[in-house]
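Chains, contacts and geometry: an overview
The residues making up each chain are set out below.
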Amino acid sequence: MPQFLGKIIFLENYDMTVSKRLITGVDIWLNTPTRPLEASGTSGEKAEMNGLLNFSVLDGWWYEGYRKGAGWALTAKRSYTDQGQQDRLDSATIYSMLENEIIPLYFAKNSKGYSPEWIQYIKNSIAYIAPNYTMSRMMHDYFDRFYNPEASRAKELKANNYAAAREIVEWKENVAARWNDVNLVGEVELSEQLNTPNASSENMTFSATLRVNTAGLGRSIQVEAVAYKDEDGESKFYKTIPATIVAEDGDVITYKVDYKVRHSGIYRYSFRIYPWNDKMAHRQDFAYMKWV
Ligand SMILES: *Cc1c(COP(=O)(O)O)cnc(C)c1O
């Protein structure tokens, strides 16, 4: 389109060499993704590493990376559902910020020919943003959250010719064989107040008792309540509340859920039974579940 001639440049064969030239040749890295479609904005992180200041929509990496005084941001919120309207607003905001804030800061040069405030922005950005986006930080996250726990877990499972792994498998097979017979005995007993239709007021105790036939699985069977709260006409997940065992009579175990309601509102709730073994790494490791 003729109106873009000489204003927009399309770079073919973008590679590290071209990228290096871009990074060293500009003062601001501007990214204007359509919220919330920015996957990451890796090039902005790269610019950051090289002392450039970012000016972007709070989307992708910039949503978490932005710090005041270390770059500039356009709000994460959309004002319009219509993209054309939104684009016009964003463009007006970008021009206004450039004109009134960013360019004056850049040209507030001292006798030595540079803007100390601009340099301060760069220093802030290198000090407070860049360290969070290094490969070292990423690797530490992987080690702390995944690799190290997985390595020690693997070691535990393998010890003594896979003793722990065999034990878990045996337990799972036992649960699978008996699972169909695990059932609620009678009805869920609710505390009196809760029998009035789902309304809860502050400091009221939500309390329910369930008797479950554990089919020989005993304390491997756990129970929890799942609460939903009505918000803006929608029922939203609120909390899971674990039940404790209050009585055991042969195969029948009695579970009790006690929860002090802290916020008034309309709650909905349901209960579910699931198998658990302390040797499992996570519930999803064996996702059997019965809603009652
Ligand atoms: C920085 C860089 C990218 C990432 O750019 P985006 O704008 O985030 O997609 C891709 N390719 C090369 C060669 C780069 O240097």
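For the structure, see preceding data.
Now for a quick tour of the structure.

The rules behind the values
Residues numbered from 1 in each chain as written. Predicted model: local features only at pLDDT ≥ 70, side-chain atom pairs only at ≥ 80, totals over all residues. Heavy atoms only, no water. Patch = residues over 30% accessible without salt bridge, like charges linked within 9 Å, V, L, I, M, F, W, Y side chains within 5 Å. Areas by Shrake-Rupley, 256 points an atom, 1.4 Å probe, with all protein chains shown as cover. Salt bridge = Lys/Arg side-chain N within 4 Å of Asp/Glu carboxyl O. Helix = DSSP H or I, 4+ residues; strand = E, 2+ residues; numbered from the N terminus. Buried < 20%, exposed > 50% of the residue type's maximum accessible area, 1.4 Å probe, protein only. Pairing = 2+ DSSP bridges. Axes fitted to C-alpha atoms, helices over the stretch in contact; angles between N-to-C directions. Core = buried A, V, L, I, M, F, W, Y, C linked by side-chain atoms within 4.5 Å. Contact = heavy atoms within 4.5 Å. Parallel < 35°, antiparallel > 145°, perpendicular 65-115°, else oblique. Expected span 1.5 Å × (residues − 1). Arc of directions from axis to C-beta.

Right, let's talk about a nonpolar patch on the surface for a bit. On the surface, Met135, Met138, Tyr142, Phe143, Phe146 and Tyr147 cluster together into a nonpolar patch covering about 580 Å² of accessible area. Tracing the backbone through its elements, the reader meets Met138 in helix H6 (residues 135-178).

Another aspect to go through is the pattern of salt bridges. Taken as a whole and assessed by the stated rule, the structure comprises 10 salt bridges. For the salt bridge of Asp90 with Arg35, the shortest nitrogen-to-oxygen distance reads 2.9 Å. Pair noted here: Asp90 is in helix H4 (residues 83-106) and Arg35 is in the loop between strand S1 (28-31) and helix H2 (42-49), with a separation of 55 residues, a long-range link. As far as the burial class goes, Asp90 and Arg35 line up, both buried. Asp141 is paired through a salt bridge with Arg145; the nearest N and O atoms lie 3.7 Å apart. Of this pair, Asp141 and Arg145 both sit in helix H6, separated by 4 residues, roughly a single helical turn. Asp141 gets classed as partly exposed once you look at its relative accessible area, which sits at 22%. Connected through shared salt-bridge partners, Arg137, Asp141 and Arg145 make up one network.

Spatially, S1-S2-S3 is the arrangement adopted by the 3 strands of the open sheet, whose pairing is parallel. Of all strands in the sheet, those with a lone pairing partner are S1 and strand S3 (72-74), marking the two edges. Neighbour to neighbour, the strand axes of the sheet diverge by 10 degrees on average, direction disregarded. The sheet contact formed by strand S2 (residues 53-57) and S3 spans 3 bridges and is parallel. The residue of S3 that forms the bridge with Ser56 is Ala73.

On to the nonpolar core. A general trend in soluble globular proteins is that nonpolar side chains are found buried together. Judged by nonpolar contacts, the single largest core of 26 residues is most densely connected at Val182 and Ile221. Secondary structure elements with two or more residues in this core: H6, strand S6 (204-213), strand S7 (221-231), strand S10 (252-261) and strand S11 (265-275). Of the residues forming this core, the biggest block, 5 residues, is contributed by S10. For Val182, the contacting residues outside a window of four places in its chain are Val212, Asn213, Thr214, Ala215, Leu217, Ile221, Ile273 and Lys290. The next biggest cluster of nonpolar side chains, apart from the first, holds 12 residues, and it includes Leu53, Trp72, Met97 and Ile102.

Turning our attention to the packing of H4 against helix H5 (residues 116-129). Their axes nearest at 7 Å, the elements H4 and H5 cross at an angle of 105 degrees. Between H4 and H5, the interaxial angle falls into the category roughly perpendicular. For the pair formed by H4 and H5, the contact residues are Ile102, Leu105 and Tyr106 on the first element and Glu117, Trp118 and Tyr121 on the second.

Before going further, it helps to spend a moment on H5. Between its first and last C-alpha, H5 extends 19 Å over 14 residues, near the 20 Å set by a 1.5 Å rise per residue. Taken as a whole, H5 has its buried residues at Trp118, Tyr121, Ile122, Asn124, Ser125 and Ile129. The buried residues of H5 occupy one face: seen down the axis, they fall within an arc of 160 degrees. In this structure, the buried residues of H5 make contact with S1, H2, S2, helix H3 (61-65), S3 and H4.

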